[in-house]
Amino acid sequence: MRIVPASPAVGSVVLDVDLRKPQTDATWTAIRDAFDHTYLLVFPGQDLSDNEHVAAVSHLGPIALEGGDAPRPVNYVSNVRPDGMVGPGEVSFHIDFGFFPQPYEALTLYGLQIPSGGSETWYVSAARAAETLSEDLRQRVHDLQARQVLDLERSTGQAMIQYLVGRCDDERVPHQIRPVLWPHRKTGIPILGVWQQQTDAILPLSPEVSAELIGLLFEHLYQEQHTFVHHWSPGDLVIWDNHAVQHGRPDVGQEVERTLRRVAVGEKQDVSAFASNSHGSSRAS
């Protein structure tokens, strides 16, 4: 097995390993170490069944069950499947379930049906962005908090800088407030905890100052130097830290099937309490 950098910003590519086969404890230790230090792993050219995908990912933590009345470990991100998440549209940068107390620890996607013309998923390292934050911005956000909201009346694909005055006091509106410099759950390393799709306010600032500061943080966060673009091929398995790494993608259309198999790591997220009140999608992938 060889592990090489995926990009200067984030991630590692794991080569010469067949995840269908049993691996030694030393191999899994090396894989977990690479994940803990670089936050994203790409395993190209795998040939994994549903069960093999789940078994491999289980080495990183407990598998989360997802999906309505019959939760299951395997789901699909697809532009055509009736049981698929997300659909064809563009998805702005986010982490999954950032508006809940304990977002998933890791997310994984496996390339099942990839358009011949190619397809991308975008990743940005919020850990790297926190590290490179200017001293001026670091001082400005010190001790401030960011509010992450699932706006039930807004498409999850859209970016959000809006102040939802009073709405977050409604128990039907999922939201979470965390430090702007959010400590990583394992290392304590700060993560820049603002997300294009979900952050609506920096507290306790006024709406005008909050929106201005969010804009500056986004300008810093979404620079090319913090970003990795994965160009999908069938059989690729990508695993990333759902706290330290944000993900998004362009519009994929519906002319050609694009289906990725999804397995998540962490606690099951109960969306049933608000899904019936939603005017849009309650899925955050």
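Just so you know, these numbers come straight off a predicted model, no measurement behind them.

Rules of the game
Numbers given to residues run from 1 along each chain, matching the order in which its sequence is written. Local features in this predicted model are restricted to residues whose pLDDT is 70 or higher, and side-chain atom pairs enter the listing and the counts only when it is 80 or higher, whereas totals over whole chains, interfaces and linings include all residues. The side-chain figures draw on all heavy atoms in the structure; neither hydrogens nor water molecules are used. Here, nonpolar core means buried Ala, Val, Leu, Ile, Met, Phe, Trp, Tyr and Cys residues that are tied together by side-chain atoms lying within 4.5 Å of each other. Residue burial is assigned from relative accessible area. The probe radius is 1.4 Å, only protein chains are included, and a residue is buried under 20% of its type maximum, exposed over 50%, and partly exposed in between. The numbering of helices and of strands both runs from the N terminus, where a helix is a DSSP run of H or I of at least 4 residues and a strand a run of E of at least 2. By definition, residues are in contact when any of their heavy atoms lie within 4.5 Å. Note on handedness: a clockwise path from strand one over the helix to strand two, with the strands aimed away from the viewer, defines a right-handed crossover. Here, any two strands with at least 2 DSSP bridges between them count as paired. Every definition here rests on a 1 Å grid over the protein atoms only: cavities are sets of points where a 1.4 Å probe fits but cannot get out, pockets are open sets enclosed by protein on both sides within 12 Å along at least five of seven lines, and lining residues have some atom within 4 Å of a point. Grid points are joined across faces, edges and corners, and a volume is the space filled by probe spheres set on the points. Residue polarity is assigned by list, with Asp, Glu, Lys and Arg as charged and Ala, Val, Leu, Ile, Met, Phe, Trp, Tyr, Cys and Pro as nonpolar; anything else, Gly included, falls into the polar class.

Engineer: I would appreciate a short explanation of the nonpolar core in the present structure.
Structural biologist: Side chains of a nonpolar character, in soluble globular proteins, are inclined to be buried together. With 49 residues, the main nonpolar core has L40, V180, L192, V194, I202 and L217 as its most contacted residues. The leading source of residues in this core is helix α5 (residues 207-221), at five residues. Residues in contact with V194, not counting those within four places in the same chain, are A146, V180, T199, I202, L217, F218, L221, Y222 and Q246. Residues V17, A34, A106 and Y110 belong to the second largest nonpolar core, which totals 22 residues.

Engineer: How should I be thinking about the environment of V180 in this particular structure?
Structural biologist: Locating V180 in the fold gives a position in the loop between β11 (175-179) and β12 (181-183). For V180 and L192, which are twelve residues apart along the polypeptide, the C-alpha to C-alpha distance reads 6.0 Å.

Engineer: It is not clear to me how the pairing of strand β3 (residues 40-43) should be interpreted in this structure. Could you clarify?
Structural biologist: In the case of a regular strand, side chains alternate between the two sheet surfaces. Where burial is concerned, the two faces of β3 agree: the one with L40 and V42 and the one with L41 and F43 are both buried. A crossover connection joins strand β2 (residues 12-15) to the parallel β3 through helix α1 (residues 25-38); in handedness this β-α-β unit is right-handed. Pairing of β3 with strand β16 (residues 237-241), which is carried by four bridges, proceeds in the antiparallel orientation. Paired with L40 across the strands is W240, a residue of β16.

Engineer: Would you mind showing me how to read the layout of surface pockets here?
Structural biologist: Rolled over the atoms, a probe sized like a water molecule indicates the empty space that remains. By volume, the second largest pocket is sized at about 250 Å³. Surrounding the second largest pocket, 17 residues form its lining, A9, H37, Y39, R128 and E131 being those nearest its centre. When contributions to the lining of the second largest pocket are tallied by element, the ones reaching two or more residues are α1 and α3 (126-131). Sorting elements by how many residues they give to the lining of the second largest pocket places α3 first, with four residues. Across the lining of the second largest pocket, the residue classes tally to eight nonpolar, six polar and three charged.

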